Amino acid sequence: MRRLSLCAITLFVSLICFGEVRTENISSGWKFRQIPGRESIASIASVPDPDGVWLDATVPGTVHTDLLAGGKIGDPYFRTNEKGLQWIDKTDWEYKTNFTVSRGTASNKNIILRFEGLDTYATVFLNGIKILSADNMFRIWEKDVRKIIRVGTNELVIQFKSPISVGLEKLKTLGYSLPASNDQSENGEVGDKRVSVFTRKAGYHFGWDWGPRLVTSGIWRPVKLISWNGLRITDMFVEQNETLISNASKGQPVKLTAKVETATDKTNEYICKILVNDTIVSSQAMIISGGTNTTNIGFEIRNPRIWWPNGLGSQPLYKITVEISANGRVYSSESKNIGLRTIKLIRESDASGDGESFFFEVNGRSVFAKGANIIPGDVFLPSINPEKYEFVVKSAAEANMNMLRVWGGGIYEEDIFYDLCDKYGIMVWQDFMFACAMYPGDNDFLENVRLEAVENVKRLRNHPSVALWCGNNEIETAWAEWDENKGWGWKEGYTKLQRRTIWHSYDTLFHKIIPSVVKELTNGQPYWHSSPSRGYGQLAGYSGNKGDVHYWGVWHGREPIEAFREYRARFMSEYGFQSFPEFMSVKKYTLPQDWNIESEVMASHQRSGIGNLRIREYMEQSYSVPEDFEKFLYVGQLLQAEAIKIAIESHRIDMPFCQGSLYWQLNDCWPVASWSGIDYYLKWKAMHYFAREAFKNRIVASIYDKGVISLYAISDIEDSQKAVLEINLTDFSGKTLLSKSLMVSIPSNGSALIASFTKNELGIEGMEGEVLLHSRLVCNGELIDEDVAYFVEQKNLKLPAADVELSVIENNGEFVVTVHSDKLCKNLMLVSENNDENFSDNFFDLLPGNTRAVKCRANVGLKEFKAGLRVILL
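Counting of residues starts from 1 at the beginning of each chain's written sequence and follows it residue by residue. A pLDDT threshold of at least 70 governs which residues receive local features in this predicted model, and a stricter bar of 80 or more applies before side-chain atom pairs are shown or counted, although totals over entire chains, interfaces and linings include all residues. With hydrogens and water stripped out, all remaining heavy atoms of the structure feed into the side-chain values.

Novice: How should the overall build of the protein be read in this particular structure?
Specialist: Scanning the protein from terminus to terminus reveals 16 helices and 44 strands. Computation of the radius of gyration draws on C-alpha atoms, with the globule rule given as 2.2 Å multiplied by the number of residues to the power 0.38. For the protein, the C-alpha radius of gyration of 29 Å lies close to 29 Å, the compact-globule estimate for 874 residues. Over its C-alpha atoms, taken along the principal directions, the protein stretches across nearly 90 × 70 × 70 Å. Any residue under 20% of the maximum accessible area for its type is buried, any over 50% is exposed, and the rest in between are partly exposed; the area is computed with a 1.4 Å probe on protein chains only. Residue burial in the protein is summarised as follows: out of 874 residues, 61% are buried. For the protein, long-range pairs separated by at least 24 residues make up 70% of all intrachain contacts whose partners lie at least 6 apart in sequence. Roughly 33100 Å² of accessible area belongs to the protein as shown, and the carbon and sulfur atoms make up 46% of that amount. Here the protein carries 96 positive and 108 negative side-chain charges, and the mean point of each set is 5 Å from the other. Labels follow the DSSP assignment, with helices taken as runs of H or I lasting at least four residues and strands as runs of E lasting at least two, numbered in each case from the N terminus. In this description, contact between two residues means that some pair of their heavy atoms is separated by no more than 4.5 Å. Residue exposure ignores everything except the shown protein chains as possible cover, and the areas themselves are Shrake-Rupley values with a 1.4 Å probe. His is not counted, nor are the chain ends, whereas Lys and Arg count as positive and Asp and Glu as negative. Here the site of a charge means atom NZ of a Lys, CZ of an Arg, CG of an Asp or CD of a Glu.

Printed below as a string of structure tokens:
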């Protein structure tokens, strides 16, 4: 690699040079403005610069963030600022820059402008000449500009048409609206005209029940100038075969095939080399014809190491490089990181013929999928930096997750997300970008989607983390084509002809076009047409013995939290419970006068209807509702955490019938009350700490029901193990009332009831609110897991006043907080006013007489940290 310095108004960051292929990033010198003279459906009074003054822009970026950086708008996430920014998406915008091209670059036979993300309706001009029109945020756009580019300064202009204006035009042309339940058109000041479905753009930008309506435009991914002579590698797929695991387990080499796509000027003889971790393992001479070609190159990896999901083994990755040269000169080189593994979706009929399995088999063994659904980490996508991606994926791994579902109302994530999932062993359930809506079916739309699917499957198919491709989120159950009495009430609003037309569009997309792309471009990677589903022609409910389930009886259906134990599924791919961010986070987007859950600002940062009151409603069932605002937020997080813990443990207890538990949702895209376990400011909520415990490879879990407490051992480990179950019944001051040790067996990759006691056997009749049962699972002298069980709702516990002792030291850039109490501290929360970092543990029960050491990163001095350290207790 060598770096070149460009003169004049240079917009290039780096030059990658493999022989004759050069890539220049066009990333600096950008300006933007509202296009003057364009008719707009936005009020002129709303527009800060209706005359089209040029302002500095950041690429990649968005109009909203550029306006914010230029001081033209306030923070869209602060208080209710979102409401005053709806004019932005009804306005046309223009970006421009100049870039310099050297004589050497201009002399190449092939010069392409590559746009890796244009959001969304864009017309591109180079040196005053229109070179392309784009209409899909999820696609890459390339144009041969050799005849237009010139030595010296070149001008690049990109005009973005309002996605709302275009959507309204398409709606008028169609003649009737299409269902789009989460499109917040009223907030967007366009009445009931839900136009999101017409635009191939992230659906959540138009609003969702956890997100704002901020419909962006802009250059959201890099712009590049690529030039070459002779040959360029355009894609590479490393194909693995069925014998991989068998050979690897025997220590034999594994055979792979690199399928290399090239664009060449003319037919020529080339030397094609394969390098594994920078070591040449294959070198072949071959003729590559002029034009576009696919060349298959076989090679071996010796002493192979297998990639495993998090918790089941390591995640070794191999860098595979294809290098094509001729006459001693390298023309093009391409590298991909791969992991050696097999992943299958197993759907087999039960021996009884009643029902069908739904689980992932990885490297020949069944794996219980533990994890969450993930949404984009910001409304303004270029704002998500690599550090934030790393934090979120690493947090999932630290919570013992092994799968994330990339939900269909967001985006096909950035490459770094999948790289991190490869690194941390997080399998990816990958939705295509369709959610909770019906879509057009005209030929242009269908072809646009086909190309979108082709590009994204090609981009992601090498990642060992990608486990499943799924057509859409919740559309099959919402439309309910096969049952007139089910669905969300969508189809009832259309004529018979309209219904046939709308369903034909759905059927073509998800049962024909998209699965064909997956089949053609992957080596048998699984495809599931819609989530949830029982299979083609069979609609999912809140429970089932086939397919996957989204269970929303708790929360949307107002069923009690204990109902999580009653609904069984083969694979629970969605369920959830809401909470607020902690008070330290809430203070960042509010003012003191907003600190009431029914204030306008708190209601604006809650998009699930009566969500804030729904939290209170559930809280009243289990907790004494605090009057203090901060404590209300704290108890809300405990409520959510306990609910999801019950759900996770119930799903795992139901192994092997149930083989997956993915809660909704891991993260947030803005500061909001939502179902997330990590808030927008990257603070772990109580739920994430609780999930970390519930998802451990081996756990002991308790259920108290109808006067009987049952204890279960649950394991994801293949080998069964003998263990000791130690149980200790104590009061809240630490007095032991009963102590027992039992020999038990931890099952292999499953769950088992290992003990049960009636309250009469425990002798707690009449004192249920004053005692706890502490269970410890010990194997070969090692504590595997522990559980603390109570016998009444939290509000009925007779908790003592605890005197919490805190001491702090600083050690190697971390604060170590030691916590001690002689009496029970229920769900102790550590709060740092001056050091906004996550603690290594929080919201835990500190048992009487116990001491716990908790760490956090030190960003302030020790004295300042101590001054701002405090605890919150029930």
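Novice: Just to check I follow, could you spell out the pattern of salt bridges for this structure?
Specialist: It is possible for side chains of opposite charge to pair when their charged atoms get near one another. A pair is scored as a salt bridge if a Lys or Arg side-chain nitrogen falls within 4 Å of a carboxyl oxygen belonging to Asp or Glu. In this structure the tally under the stated criterion is 55 salt bridges. Residues participating in the shared-partner salt-bridge network are Arg-692, Glu-693, Lys-696, Asp-785, Asp-841 and Arg-852.

Novice: Can you walk me through the environment of Lys-546 in this structure?
Specialist: As for its position among the elements, Lys-546 is in the loop between strand E28 (527–528) and strand E29 (549–550). The exposure class of Lys-546 is partly exposed, given its relative accessible area of 21%. As for Lys-546 and Cys-421, which are separated by 125 residues in sequence, their C-alpha atoms are 28 Å apart. Not counting residues up to four positions away in its chain, the partners in contact with Lys-546 are Gly-355, Glu-356, Ser-533, Arg-534, Gln-538 and Arg-570.

Novice: I keep staring at the packing of aromatic side chains and nothing clicks. Help me out?
Specialist: For any pair of aromatic rings, the description rests on two quantities: the centre-to-centre distance and the angle between the ring planes. Two rings belonging to Phe, Tyr or Trp (six-membered ring only in the last case) form a pair when the distance between their centres is within 6.5 Å. Interplanar angles under 30 degrees mark stacking, angles over 60 mark edge-to-face geometry, and anything in between is tilted. With the rule as written, the count across this model stands at 54 aromatic pairs. With a centroid separation of 5.7 Å and 75° between ring planes, the pair formed by Tyr-551 and Phe-564 is classed as edge-to-face. Highlighted residues: Tyr-551 in the loop between E29 and strand E30 (572–574) and Phe-564 in the loop between E29 and E30, separated in sequence by 13 residues. By relative accessible area, which is 1% here, Tyr-551 ends up buried. The class of Phe-564 is buried, set by a relative accessible area of 2%. Ring pairs connect the aromatic residues Phe-434, Tyr-439, Phe-445, Trp-482, Trp-503, Tyr-506, Phe-510 and Tyr-536, which therefore count as one cluster. Each ring is checked for a lysine NZ or an arginine CZ that lies within 6 Å of its centre and within 35 degrees of its normal; such an atom marks a charge sitting over the ring. Between the NZ or CZ atom of Arg-232 and the centre of the ring of Trp-228, over which it lies, the distance is 5.2 Å. In this arrangement the basic side chain of Arg-852 is found over the ring face of Phe-844, its NZ or CZ atom lying 4.3 Å from the centre.

Novice: Mind showing me how you'd approach a negative patch on the surface here?
Specialist: Patch construction takes residues with relative accessible area above 30% that form no salt bridge. Like charges are linked within 9 Å, and nonpolar side chains (Val, Leu, Ile, Met, Phe, Trp, Tyr) are linked within 5 Å. On the surface, a cluster of negative charge is made up of Glu-562, Glu-566, Asp-705 and Glu-793. Turning to its location among the elements, Asp-705 is positioned in strand E32 (residues 698–705). Asp-705 sits in the partly exposed class, given a relative accessible area of 45%.

Novice: What's the story with helix H12 (residues 611–622) in this structure? I'm lost.
Specialist: Helix span is expected to be 1.5 Å times the residue number reduced by one. Along its twelve residues, H12 runs 17 Å from first to last C-alpha, staying within 8% of the 16 Å computed at 1.5 Å per residue. Among all positions of H12, only Gly-611, Asn-612, Arg-614, Ile-615, Tyr-618, Met-619 and Ser-622 are buried. Axial view of H12: buried residues confined to an arc of 160°, hence all on one face. Here the buried face of H12 lies against helix H11 (600–604) and helix H13 (629–653). Regarding the arc, it is the one traced by the directions from the helix axis to the C-beta atoms.

Novice: Can you walk me through the packing of helix H7 (residues 443–460) against helix H9 (residues 496–521) in this structure?
Specialist: Packed helices, taken two at a time, are described by the angle between their axes plus the distance between the axes. Fitted lines through C-alpha atoms serve as axes, helices being fitted only where they are in contact, and the angles separating the N-to-C directions of these axes extend from 0 to 180 degrees. Close contact between H7 and H9 brings their axes to 10 Å; oriented N to C, the two are set at 30°. With respect to H9, the element H7 is oriented roughly parallel. Crossing of H7 over H9 shows right-handed handedness. For the pair formed by H7 and H9, the contact residues are Phe-445, Leu-446, Val-449, Arg-450, Ala-453, Val-454, Val-457 and Lys-458 on the first element and Thr-508, Leu-509, Ile-513, Ile-514, Val-517, Val-518 and Leu-521 on the second. Throughout this entry, Asp, Glu, Lys and Arg are counted as charged residues, while Ala, Val, Leu, Ile, Met, Phe, Trp, Tyr, Cys and Pro are counted as nonpolar. The remaining residues, Gly among them, count as polar. Split by residue class, the contact of H7 with H9 holds twelve nonpolar, one polar and two charged. An angle counts as roughly parallel when it lies under 35 degrees, as roughly antiparallel when it exceeds 145, as roughly perpendicular when it falls between 65 and 115, and as oblique in every other case. For a crossing to be left-handed, the near helix must be turned anticlockwise from the far one by less than a right angle; the clockwise case is right-handed.

Novice: What is the right way to read empty space enclosed by the protein from this model?
Specialist: Empty space among the atoms becomes visible once a probe the size of a water molecule is rolled across them. Throughout, the protein atoms alone are placed on a 1 Å grid, and a set of points is a cavity if a 1.4 Å probe fits but cannot get out or a pocket if it is open with protein on both sides within 12 Å along at least five of seven lines; lining residues have an atom within 4 Å of a point. Grid points are joined across faces, edges and corners, and a volume is the space filled by probe spheres set on the points. On inspection of all chains with the given rule, the structure shows six cavities of 30 Å³ or more. There is about 150 Å³ of room inside the largest cavity. Ser-196, Gly-203, Trp-208, Ala-435 and Tyr-439 are the residues nearest the centre of the largest cavity, which is lined by 20 residues in total. Each residue belonging to the lining of the largest cavity can be placed in one class, and the counts come to ten nonpolar, seven polar and three charged. By volume, the second largest cavity is sized at about 90 Å³. Looking at the second largest cavity, it is lined by 14 residues, and the ones nearest its centre are Glu-582, Lys-683, Leu-830, Phe-839 and Asn-842.

Novice: Explanation requested: the layout of surface pockets in the structure shown.
Specialist: By volume, the second largest pocket amounts to about 1400 Å³. Lining the second largest pocket are 48 residues; nearest its centre among them are Glu-642, Lys-645, Asp-787, Val-788 and Tyr-790. Counting residues per element, the ones that place at least two in the lining of the second largest pocket are H13, helix H14 (686–694), E32, strand E38 (782–789), strand E41 (825–832), strand E42 (844–846) and strand E43 (851–857). Here the residues of the lining of the second largest pocket sort into 23 nonpolar, eight polar and 17 charged.

Novice: So what exactly am I meant to see when it comes to the nonpolar core here?
Specialist: Most often, soluble globular proteins keep nonpolar side chains buried together rather than apart. Here, nonpolar core means buried Ala, Val, Leu, Ile, Met, Phe, Trp, Tyr and Cys residues that are tied together by side-chain atoms lying within 4.5 Å of each other. Core analysis: the largest hydrophobic core is formed by 190 residues, its most contacted members being Trp-30, Leu-113, Phe-115, Leu-118, Phe-417, Tyr-663 and Leu-666. Broken down by element, the residue count for this core peaks at 13 residues, all from H13. If near-sequence neighbours (up to four positions away) are discounted, Phe-417 is found in contact with Ile-374, Tyr-389, Val-393, Leu-404, Val-406 and Val-428.

Novice: In this structure, what is going on with the pairing of strand E39 (residues 805–811)? I would like to understand it.
Specialist: Consecutive residues of a regular strand have side chains that alternate between opposite faces of the sheet. At least two bridges found by DSSP between two strands is the condition for calling them paired. Two elements, E39 and strand E40 (residues 814–820), share seven bridges in a ladder whose sense is antiparallel. Of the residues in E40, the one forming a bridge with Glu-810 is Phe-815. Linkage of E39 to E40, two consecutive antiparallel strands, is achieved through a turn of two residues, within which Asn-812 is found at a positive phi near 50°.

Novice: I would appreciate a short explanation of the pairing of strand E11 (residues 152–160) in the present structure.
Specialist: Strand direction decides the pairing type here: strand E5 (residues 93–101) and E11, joined by nine bridges, are antiparallel. Bridge pairing in E11 places Thr-100 opposite Thr-153. Two strands pair when backbone bridges link them, and strand E8 (residues 121–126) and E11 are joined in this way by five bridges, in the antiparallel orientation. Bridging from a neighbouring strand, Leu-126 pairs with Leu-156 of E11.

Novice: Help me understand a positive patch on the surface in this model?
Specialist: Residues Lys-109, Arg-146, Lys-147 and Lys-266 make up a contiguous surface patch of positive charge. Checked against the element boundaries, Lys-109 lands in the loop between helix H2 (103–106) and strand E6 (110–115).

Novice: Help me out: how do you make sense of the side chain of Asp-841 in this one?
Specialist: With respect to the element layout, Asp-841 can be found in the loop between E41 and E42. Owing to a relative accessible area of 17%, Asp-841 belongs among the buried residues under this scheme. Pairing of N or O atoms within 3.5 Å defines a polar contact, subject to two protein rules: one partner must be a possible hydrogen donor and the other a possible acceptor, and residues neighboring in sequence count only if both atoms are side-chain atoms. Reaching out from Asp-841, the side chain makes a polar contact with the side chain of Arg-852 at a distance of 2.6 Å. Residues in contact with Asp-841, not counting those within four places in the same chain, are Tyr-689, Arg-692, Arg-852 and Val-854.

Novice: Sorry, what's going on with the confidence of the model for the protein here?
Specialist: Summary of the metric used: pLDDT quantifies the predictor's per-residue confidence within the range 0 to 100. When pLDDT is averaged along the protein, the result is 94, and 96% of the positions lie at 70 or above. In this model, residues 1–18 is a region of pLDDT below 50 whose contacts with residues beyond four sequence positions or in other chains number 46 contacts.

Novice: Please clarify how unusual backbone geometry should be interpreted in this entry.
Specialist: With glycine set apart, most residues show a phi of negative sign, and most peptide bonds adopt trans. The omega torsion of the bond from Asp-119 to Thr-120 falls at -5°, within 30 degrees of zero and hence cis. The topology assignment puts Thr-120 in the loop between strand E7 (118–119) and E8. Its identity is not glycine, yet Asn-327 carries a phi of approximately 55°, on the positive side. Relative to the assigned elements, Asn-327 resides in the loop between strand E19 (318–326) and strand E20 (329–338). Positive phi outside glycine occurs at Asn-749, with the angle close to 45°. Tracing the backbone through its elements, the reader meets Asn-749 in the loop between strand E35 (736–746) and strand E36 (750–758).

Novice: I'm lost on the sheet that holds strand E37 (residues 771–779) in this one. Help?
Specialist: Backbone-to-backbone hydrogen bonds join strands into a sheet, with any given pair of strands oriented parallel or antiparallel. In space, the four strands of this open sheet follow the order E35-E34-E37-E38, with antiparallel pairing throughout. Two strands close off the open sheet at either side, each with one partner strand: E35 and E38. For this sheet, the mean inter-axis angle between neighbouring strands, taken without regard to orientation, is 20°. Pairing between strand E34 (residues 721–731) and E35: ten bridges, direction antiparallel. Following the sheet pairing, Thr-730 is matched in E35 by Thr-736.

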